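Per-entry structural report
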Amino acid sequence: QSETEKKEEEEEDEFALGVLENEDQHLLRWHFANLEYGCSARMDQISLEHWNQDEEFGGFGGEHCMVPQGYSRVLESLAKGLEVRLGAAVTHIDYASDDRVEVRCGD
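A quick note: this is a predicted structure, and the numbers were derived from the prediction, not measured.

Attention now moves to the overall build of the protein chain. Within the protein chain one finds three helices and two strands. Reading the secondary structure of the protein chain in the N-to-C direction produces α-α-α-β-β. Carbon and sulfur atoms make up 54% of the accessible area of the protein chain, which amounts to about 10,100 Å² in all.

Now the structure itself:
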């Protein structure tokens, strides 16, 4: 989608919100932001048919929380002591050993 198309869509959204009272606009924007957060996608990328597909399986029950400093902290912790190469194409994964996994890269 081009920048011009994105701008036109934003203007259309603003026009549509313009018919609402300020309090209603604020509430609708909050719901949009909450939906985008929950789906990890912008509104224009969320499928109306499938936006809540995990509900069939019970969704994510229980209390919701935020991970302090983001989920990258989980990956950083798991990667401690490992050689991690970003941007390297994986050519082979060997699961033959019970105590380790060997990953080979093209470079």
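Next comes the rest of the description.
Spanning 18 residues, helix α2 (residues 22-39) covers 26 Å between terminal C-alpha atoms, matching the ideal 26 Å at 1.5 Å per step. One or two residues past the end of α2 sits S40, with phi positive at roughly 55°.

All right, on to the environment of K6 then. Here K6 is to be found in helix α1 (residues 3-18). Between the C-alpha atom of K6 and that of D44, which follows or precedes it by 38 residues, the distance is 9.6 Å.

Taken residue by residue, the protein chain gives an average pLDDT of 79. The fraction at 70 or more is 77%. When the elements of the protein chain are averaged for pLDDT, α1 gives the smallest value, 70, and strand β1 (residues 90-94) the largest, 94.

A word on the pattern of salt bridges. Under the definition given, this model contains three salt bridges. Between R85 and E83 there is a salt bridge, and its shortest N-O distance comes to 2.9 Å. Overall, the relative accessible area of 43% leaves R85 in the partly exposed class. Residue class for E83 comes out exposed when judged on its relative accessible area of 63%. Across the salt bridge formed by R104 and E102, the nearest N and O atoms sit 3.0 Å from each other. Classification of R104 by relative accessible area gives partly exposed; the value is 37%. A network of salt bridges, in which partner residues are shared, links R100, E102 and R104.

The rules behind these values
- Residues numbered from 1 in each chain as written.
- Predicted model: local features only at pLDDT ≥ 70, side-chain atom pairs only at ≥ 80, totals over all residues.
- Heavy atoms only, no water.
- Helix = DSSP H or I, 4+ residues; strand = E, 2+ residues; numbered from the N terminus.
- Areas by Shrake-Rupley, 256 points an atom, 1.4 Å probe, with all protein chains shown as cover.
- Expected span 1.5 Å × (residues − 1).
- pLDDT = per-residue confidence, 0-100.
- Salt bridge = Lys/Arg side-chain N within 4 Å of Asp/Glu carboxyl O.
- Buried < 20%, exposed > 50% of the residue type's maximum accessible area, 1.4 Å probe, protein only.

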